[in-house]
Amino acid sequence: MKSPGSLRRFFLAAALLLLVCQPAFAEKRVALVLGNSAYQNVARLANPVNDGAMIAATLKNAGFDVVEERHDLPAAETRRALRDFADRARDADIAVVYYAGHGIEVDGTNYLIPVDAKLERDTDVYDEAFSLDRVLLAIEPAKQLRLVILDACRDNPFAKNMKRTVASRAIGQGLAKIEPTSPNMLIAYSAKAGSTALDGDAKNSPFTMALAKHLTTPGLDVRRAFGFVRDEVLKTTSYRQEPFVYGSLGGDDVPLVPVKATASPANPQADIRRDYELAQQVGNKAALNAFVAQYPDGFYAELARSQLAKLAAEDARVAATEKARLAEQERARLAAEGAQKGQQAKADADAKAAEQARIAAEKAKQVAQEQVAAAEQKRTAIETSAAGKAPEHKASESKVVADNKAADQVAAGPAAAEKTPSTNVAALSDGSAPADIAKSVQIELRRVGCLTAAADGEWNSASQRSLALFNRHAGTRLNVKLASTDALDAIKLKPSRVCPLVCEHGFKPDGDRCSRIVCAEGSILNDDNECEKRGKKPVAKRDRDDRERAAPLRPHAKQVIVGRSQAPTSASTARPLTGQEREEGCNSYGAIMSGKCP
């Protein structure tokens, strides 16, 4: 009986033979490119028409069957263009709509704004603009890929002057996040939802320039192409703008431009690699176990086992976390009910042991993740290396096998670690995180305002302090000793600054920068970083009164004590009464005459 891999290769060869013997039926690809610059009621935009022309030329050079380019369209012509494009997309395999111009988000719905829109009130958006759903409807008939690209996340002048008819109606910055409901659909924003994009200083926007460079690379999956676009835009804008893609595709690569078929010798490793990548994309234990069962030996088998160790470590972490939670609940219950000391002591011990097991499971998961990341890095290096390096390839395979075995032992828990030589465990525990993960974490820490140093990939004390600062302000408990994928994911969840901006004396926070404090004429800046008027500080009245009371009487001064029914009596040698004398009542005439008081 033939194995599943051999059957798959048989059907693939048969399909290729049919393609050779029959007329070729190439995929039909159509595109609509819209660019709005000449807005009639707000300031003109410089780049959208140029951006549209660049994308249209890129798609035409890539061999698209239909590329319709339109610019500066009013609302009625925009709707007509979308309707006509929907007819062209009915028999297409790939349909692409690119839009550059103004966009706005109202109550969670995204709208693209034609050049004749006024938008004096928030409700005018329903009549004068057209929703993103209308664009998605135009590409709905395409069979294989439906792609919408929006370079419309600019700072929108309509939102500033728009009157609100309902106070609760929300008008957001940039575009709102969207989750496509149709399959095989991607929606790419020039900037992440809720943020704005930059036009740049050149003729085209940074996003469009990166698109033209990567999107139509022959054979490159469209998701990887947008990944390269993201990296380039982040670098170009000093990490101020991050493009984002919403939606999902299946397991097969979907390039906008296919690779031209060329004759090449058969490569068994290519089939194994393709099967491994498919199993990795599925990402569950069943798929990886099936791969290991079909290919039990070799480099990719060990990579699959490292992925299985990572999944096992995650399952162990989830189970340990739940057990720790239940143990803590039981301990709290017994303490609240006033149970016997023996029961409470046992519950305390169980909760402590469960928490230690949870911490160990967290560390084991992190180790497994780092081993998978390192193994994938080695795989990439091996696959892209030049031919004729078989000994180096073998050495790399052996290193991956050893690393994966060590990761399995750490993930198995303390019992397995006791049976393992201490050198293996030490090699895992004190190794630093891969440089690319560390650099990615540093980049995100800079974005949220917790790191001021450069993102150089070296996880040093400054980086550890910045992650500790993030923990304090974000309420997380990430391990600061290592830069992990968990830390990277946690920081990416924060859409804006987390750590407060700290300025030197004489400066104050102003958005994401420090601006100098300028005091008005006649005022100076004090030690509290506040402006106060020039002049001598006032002397407290209380201190002055105390000094006057403490000073001796002048020679010519006389003090007269007057009773209710007595005439004034001269007392040239008298002195002021002390506090104790006042408490004893020496200010009354009777006490003075009794002799108790002076």
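Residues numbered from 1 in each chain as written. Predicted model: local features only at pLDDT ≥ 70, side-chain atom pairs only at ≥ 80, totals over all residues. Heavy atoms only, no water.

Colleague: Explain the pairing of strand 9 (residues 185-189) here, please?
Modeller: Consecutive side chains along a regular strand alternate between the two faces of the sheet. Burial analysis of strand 9 places 5 of its 5 residues in the buried class, which makes it a mostly covered element. Going residue by residue along strand 9, you find M185, I187 and Y189 tucked away on one face and L186 and A188 tucked away on the opposite face as well. The sheet contact formed by strand 7 (residues 145-151) and strand 9 spans 5 bridges and is parallel. Looking at the pairing, L147 lines up with L186 of strand 9. Alignment of strand 9 against strand 10 (residues 244-248), held across 5 bridges, turns out to be antiparallel. Paired with M185 across the bridge in strand 10 is S248. (Buried < 20%, exposed > 50% of the residue type's maximum accessible area, 1.4 Å probe, protein only. Helix = DSSP H or I, 4+ residues; strand = E, 2+ residues; numbered from the N terminus. Pairing = 2+ DSSP bridges.)

Colleague: Would you mind showing me how to read the state of the cysteines here?
Modeller: Cysteine pairs can be linked by a disulfide, which is a covalent bond between their two sulfur atoms. Within this structure, the stated rule accounts for 3 disulfides. Bridging C503 to C514, the disulfide has an S-S length of 2.0 Å. The chirality of the disulfide connecting C503 with C514 is left-handed, given an S-S dihedral of about -85°. A residue pair is termed long-range when its members are at least 10 positions apart, and C503 in the loop between helix 18 (485-492) and strand 11 (507-510) and C514 in strand 12 (residues 513-516) qualify at 11 residues. Between the sulfur atoms of C519 and its disulfide mate C531 the distance is 2.0 Å. Measuring handedness by torsion sign, the sulfur bridge of C519 and C531 sits at about -85° and is left-handed. (Disulfide = S-S within 2.5 Å.)

Colleague: Can you help me understand the sheet that holds strand 9 in this one?
Modeller: What links the strands of a sheet is backbone hydrogen bonding, and the strands pair in either a parallel or an antiparallel sense. If you walk across this open sheet you meet the 6 strands as 2-1-3-7-9-10, and the pairing is mixed. The open sheet has two edge strands, strand 2 (66-71) and strand 10, and neither has a second partner. In this sheet, adjacent strand axes meet at a mean angle of 10° when their direction is disregarded. In the packing of helix 5 (residues 132-139) onto the sheet, contacts are made with strand 3 (94-100), strand 7 and strand 9, and the angle to strand 7 comes to roughly 145°. (Axes fitted to C-alpha atoms, helices over the stretch in contact; angles between N-to-C directions. Contact = heavy atoms within 4.5 Å.)

Colleague: How do you make sense of the packing of helix 3 (residues 75-88) against helix 5 when you look at a structure like this?
Modeller: In a packed pair of helices, the relevant descriptors are the angle between the two axes and the axis-to-axis distance. Packing of helix 3 against helix 5 leaves a shortest axis separation of 7 Å and a crossing angle of 25°. Here helix 5 runs roughly parallel to helix 3, going by the angle between their axes. Helix-helix and strand crossings are classified by hand; for helix 3 and helix 5 the assignment is left-handed. Where helix 3 approaches helix 5, its residues R79, L82, R83, F85 and A86 are matched on the opposing element by R134, V135, A138 and I139. (Parallel < 35°, antiparallel > 145°, perpendicular 65-115°, else oblique. Left-handed = near helix turned anticlockwise from the far one by under 90°.)

Colleague: Is there a simple way to think about the pairing of strand 7 in this case?
Modeller: Most of strand 7 is tucked away: 7 of the 7 residues are buried. By the alternation rule, side chains of strand 7 split into L145, L147, I149 and D151 and R146, V148 and L150, which are all buried. Two elements, strand 3 and strand 7, share 7 bridges in a ladder whose sense is parallel. Considered in strand 7, the bridge of A95 is made with R146.

Colleague: Before we go on, may I ask you to explain the packing of aromatic side chains in this structure?
Modeller: Two measures describe an aromatic ring pair: the distance that separates the ring centres and the angle between the ring planes. As enumerated under the stated definition, the model contains 8 aromatic pairs in all. Members of the aromatic cluster, joined through ring pairs, are Y276, F291, Y295, F299 and Y300. (Phe/Tyr/Trp six-rings, centres within 6.5 Å; stacked < 30°, edge-to-face > 60°.)

Colleague: Help me out: how do you make sense of the packing of helix 2 (residues 48-61) against helix 7 (residues 206-214) in this one?
Modeller: The interhelical angle for the contact between helix 2 and helix 7, taken along N-to-C directions, is 5°, at an axis separation of 10 Å. In terms of axis orientation, helix 2 runs roughly parallel to helix 7. On the side of helix 2, the interface is formed by D51, M54, I55 and T58, while helix 7 contributes T208, M209, L211 and A212. The residue makeup of the contact of helix 2 with helix 7, split by class, is 5 nonpolar, 2 polar and 1 charged. (Nonpolar A, V, L, I, M, F, W, Y, C, P; charged D, E, K, R; others polar.)

Colleague: How should I be thinking about the nonpolar core in this particular structure?
Modeller: Buried together is how nonpolar side chains tend to be arranged in soluble globular proteins. Of all hydrophobic cores here, the largest spans 48 residues; its most connected members are I104, L132, V135, V148, L150 and Y189. Broken down by element, the residue count for this core peaks at 5 residues, all from helix 5. For L132, the residues in contact, after removing those within four places along its chain, are N110, V148, L150, I178, I187 and Y189. If you look at the next biggest cluster of nonpolar residues, it comprises 31 residues, including I55, A56, V67 and L256. (Core = buried A, V, L, I, M, F, W, Y, C linked by side-chain atoms within 4.5 Å.)

Colleague: Is there a simple way to explain the confidence of the model for the chain in this structure?
Modeller: Low pLDDT means the predicted atomic positions in that stretch should not be read closely. Within the chain, residue pLDDT values average 78, and 74% of them lie at 70 or more. Ranking the elements of the chain by mean pLDDT puts helix 15 (residues 422-429) last with 33 and strand 1 (residues 29-35) first with 96. Under a pLDDT of 50 for its full length, residues 10-25 has, in the predicted model, 1 contact with residues more than four places off or in other chains. Long-range and interchain partners of residues 403-408, a stretch whose pLDDT sits below 50, account for 10 contacts in this model, where long-range means more than four residues apart. (pLDDT = per-residue confidence, 0-100.)

Colleague: Can you help me understand the side chain of T216 in this one?
Modeller: Note on placement: T216 falls in the loop between helix 7 and helix 8 (222-236). Under the relative-accessibility criterion, T216 is labelled buried at 16%. In this structure, T216 is in contact with T58, L59, A62 and V257, ignoring residues within four places of it in sequence.

Colleague: I would appreciate a short explanation of the side chain of T78 in the present structure.
Modeller: Of note, T78 is situated in helix 3. Of the residues examined, T78 reaches a relative accessible area of 2% and is grouped as buried. Those residues in contact with T78 that sit more than four places away from it in its chain are L73, P114 and F130.

Colleague: Hey, could you run me through the pattern of salt bridges in this one?
Modeller: Where charged atoms from two side chains of opposite charge approach closely, those side chains can pair. Scanning the model with the defined rule gives 28 salt bridges in all. Where R325 meets E322, a salt bridge forms, and the shortest distance between an N and an O atom there is 2.4 Å. One end of the pair is R325 and the other is E322, both in helix 11 (residues 299-337) and 3 residues apart, which spans about a single turn. Take R325: its relative accessible area is 40%, and that puts it in the partly exposed class. (Salt bridge = Lys/Arg side-chain N within 4 Å of Asp/Glu carboxyl O.)

Colleague: When you look at the environment of G449 in this model, what are you seeing that I'm missing?
Modeller: Its location among the elements puts G449 in the loop between helix 16 (435-447) and helix 17 (461-474). Here the alpha-carbon distance between G449 and C499, two residues 50 residues apart in the chain, equals 5.3 Å. Other than its neighbours up to four places away in sequence, G449 contacts R497 and C499.

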